[in-house]
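# Coordinates in review
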Amino acid sequence: MKILHTSDWHLGKKLDDFSRLEEQQAVLQEICEIADQEQVDAVLVAGDLFDTFNPPTEAVDLLYKTLKHLTNNGHRPVIAIAGNHDSPDRIEAPDPLARECGIIFAGYPNSRVAPFELESGLKVLHSEEGYLELQLPGKTVPLRILLTPYANEYRLKTCLGVENSEEELRTVLQEKWETQAEQYCDETGVNVLVSHLFMVRKGDELPEEPEDEKPILHVGGAQAVYTENIPSKIKYTALGHLHRMHCVDDQSNSVYYSGSPLSYSFAEANQKKYVLLIDIEPGQTAEVREVELSSGKRLLRKRAEGMEEALQWLSENQEALVELTLVTENYLTANDRKQLNKAHAGIVSIIPEVTNSDNLDGNQQKQIDLSRSMEELFLDYFKHEKGQEPNDEIKRLFTEILAEEEQ
């Protein structure tokens, strides 16, 4: 059985004022072509289909058209779950019609897929809360999927009965997965887990969450889950949330983040993007192949010493979106900015770095580095105003407010 794993499409996302819709159309078309060329049997989309709870109409249209294409006229199931950027209810709203096309949505950790059968031979053999078993066209073995969409504190309490403890979250998820794996996931089928969680191997350093991403580690009580919490009968785990493709753990079972198909912040500058192809047989270790994506503009950061260097570099990198730090003795004039923007249509931001301190007035003695995160800037501002570091409660409140503003 061959499975394609992708995630974090963030349809509707902009980079400041720059729309990414054309790039998203191109890269999703590329993913569809890969699925067809490789003749994959199923597609897993591990959350963050949209960038906001209320995406623009063109983003919704693009999602449905892409998923419909990926189903190959109902011969290839597409299983898509909600991420922390998605509204679970919006994700599940088209379910009755989607099922007729071979598209399966899951918005909540306790979502249950309604039984259905298509003329292609695609059929739901069994489903319960957070579990799905499918018969695929032309396949003699079933595909079993443990489904765990993103869950904030409220959803964890209502869907899984979790209180506040970090240890309890891991315990509840492990117990739920183990129970379902023991009951349904023997070696006569292909067994996978699809989730949108922050997952690490116990003892490893925590990777950074994407810049401008809603931090699921800090908002809503959803802590990191360990790979050791995954049942041994699960032979592949398809994760979403982190935008860099990487293997979390390949010792006992293959646990992967596919990453986003486009670079969505300058923290991802020059980052290669992929989809993952998984060849897997019942009871066997999954073979994972990385397929690099070529669509979309590069995001580049450049620190230029003066206008001449900046203009030369901009002329050589016309197809990228650019964050330009310009080192000059004096502040940039309106004419300088006009000249830079005329030289390159994809300048997202210009960060001036003035070296002549005599040109700084009394209120600008400390230069503000706008490339730093909102959290870092807030900490500096608080310390400047109050003369001390904010306590943990203030930090938590600021992070929650920031996350709400991004929704």
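By convention here, each chain's residues receive numbers from 1 onward along its written sequence. pLDDT decides what is reported in this predicted model: residues at 70 or higher carry local features, side-chain atom pairs at 80 or more are listed and counted, and totals for whole chains, interfaces and linings draw on all residues regardless. The side-chain numbers reported here are obtained from all heavy atoms of the structure, hydrogens and water having been left aside.

### Overview of the sheet that holds strand 20 (residues 347–354)
- One open sheet accounts for three strands, arranged 18-19-20; its pairing is parallel. In the strand order of this sheet, the two ends are held by strand 18 (299–305) and strand 20, each with one partner. Strand after strand, the sheet turns through a mean of 15 degrees between neighbouring axes, direction not considered.
- Note on definitions: a residue-residue contact is assigned when non-hydrogen atoms from the two residues lie within 4.5 Å. Each axis is a line fitted through C-alpha atoms, taken for helices only over the stretch in contact, and angles between the N-to-C directions span 0 to 180 degrees. Counting from the N terminus, the helices are the DSSP runs of H or I reaching at least four residues and the strands are the DSSP runs of E reaching at least two. Helix 7 (residues 307–316) contacts strand 18, strand 19 (321–328) and strand 20 of the sheet and is inclined by roughly 150 degrees relative to strand 18. If DSSP finds at least two bridges between two strands, the strands pair.

### Let's talk about helix 1 (residues 21–37)
- An ideal rise of 1.5 Å per residue puts 24 Å on 17 residues; helix 1 measures up with 24 Å between its terminal C-alpha atoms.
- A 1.4 Å probe rolled over the protein chains alone gives each residue an accessible area, and that area as a share of the maximum for its type sets the label: buried under 20%, exposed over 50%, partly exposed in between. Along helix 1, the residues classified as buried are L21, E23, Q24, V27, L28, E30, I31, C32, I34 and A35.
- In this structure, the buried side of helix 1 is in contact with strand 1 (2–6), strand 3 (18–19), helix 2 (57–70), strand 16 (274–279), strand 17 (287–292) and strand 19.
- Trailing helix 1 by a residue or two, Q39 shows a phi angle of about 50 degrees, which is positive. What a helix should span is 1.5 Å times the count of its residues minus one.

### Some words on the pairing of strand 19
- Of all the eight residues making up strand 19, eight are buried; the element is thus mostly covered by neighbouring parts of the structure.
- Along strand 19, one buried face is formed by L321, E323, T325 and V327 and the opposite face, lined by V322, L324, L326 and T328, is buried too.
- Summarising the sheet, strand 18 and strand 19 pair through seven bridges and their orientation is parallel. Bridging across to strand 19, R303 finds its partner in T325.
- In terms of handedness, the path from strand 18 via helix 7 over to strand 19 forms a crossover that is right-handed.
- Pairing geometry for strand 19 and strand 20, over seven bridges, is parallel. Counted as the bridge partner of T325 is I351 from strand 20.
- At this point the chain moves from strand 19, through helix 8 (residues 334–343), to the parallel strand 20, and the crossover so formed is right-handed. With its strands directed away from the observer, a crossover is right-handed exactly when the path from the first strand over the helix to the second travels clockwise.

### A word on the sheet that holds strand 9 (residues 143–148)
- The strand order 7-8-9-10-13-15-14 describes an open sheet built from seven strands, whose pairing is mixed. Edge strands, defined here as strands with exactly one partner in the open sheet, are strand 7 (123–128) and strand 14 (246–249). Each strand of the sheet is rotated relative to its neighbour by a mean of 20 degrees, with strand direction disregarded.
- Pairing analysis gives four bridges linking strand 13 (residues 236–239) to strand 15 (residues 254–257), with the strands arranged parallel.

### Details of the environment of A82
- With respect to the helices, strands and loops of the structure, A82 is situated in the loop between strand 5 (78–81) and helix 3 (88–92).
- Under the relative-accessibility criterion, A82 is labelled buried at 0%.
- Separated by 32 residues in the primary sequence, A82 and F50 have C-alpha atoms spaced 8.9 Å apart.
- Among residues more than four places away in sequence, those in contact with A82 are G47, D48, P88, I91, A106, G107, P149, Y150 and H196.

### Here we look at helix 7
- Where helix 7 is concerned, the buried positions are M307, A310, W313 and L314. Buried residues along helix 7 cover an arc of 135 degrees about the axis, so they all sit on one side. Of the residues in helix 7, the exposed ones pointing more than 90 degrees away from the buried face are E308 and E316. Regarding the arc, it is the one traced by the directions from the helix axis to the C-beta atoms.

### Details of the pattern of salt bridges
- Any Lys or Arg side-chain nitrogen found within 4 Å of a carboxyl oxygen on Asp or Glu counts as a salt bridge. Taken as a whole and assessed by the stated rule, the structure comprises 18 salt bridges.
- Residues E323 and R301 are paired through a salt bridge, measuring 2.8 Å at the closest nitrogen-oxygen approach. Note that E323 is positioned in strand 19 and R301 in strand 18, a separation of 22 residues in sequence.
- Among the salt bridges present, the one from K302 reaches E309, with a minimum N-O distance of 3.3 Å.
- Its relative accessible area of 31% is what places E309 among the partly exposed residues.
- Through salt bridges with shared partners, one network takes in K2, E38 and R289.

### Side note on the packing of aromatic side chains
- Two aromatic rings, drawn from Phe, Tyr or Trp (for Trp, its six-membered ring), form a pair once their centres lie within 6.5 Å of each other, and the interplanar angle then sorts them: stacked below 30 degrees, edge-to-face above 60, tilted otherwise. In total, this model carries four aromatic pairs according to the counting rule given.
- Note on F378 and F398: the rings are 4.1 Å apart at their centroids and 5 degrees apart in plane angle, and the pair reads as stacked. Of this pair, F378 sits in helix 9 (residues 374–386) while F398 sits in helix 10 (residues 392–406), placing them 20 residues apart in sequence.
- Note on F378: relative accessible area 18%, which makes it buried.
- Put simply, the rings of F378, F382 and F398 touch in pairs and so form one group of aromatic residues.
- Above the plane of the ring of Y226 lies R170, whose end atom (NZ or CZ) is 4.0 Å from the centre. Two conditions define a charge sitting above a ring: the NZ of Lys or the CZ of Arg must be within 6 Å of the ring centre, and it must be within 35 degrees of the ring normal.

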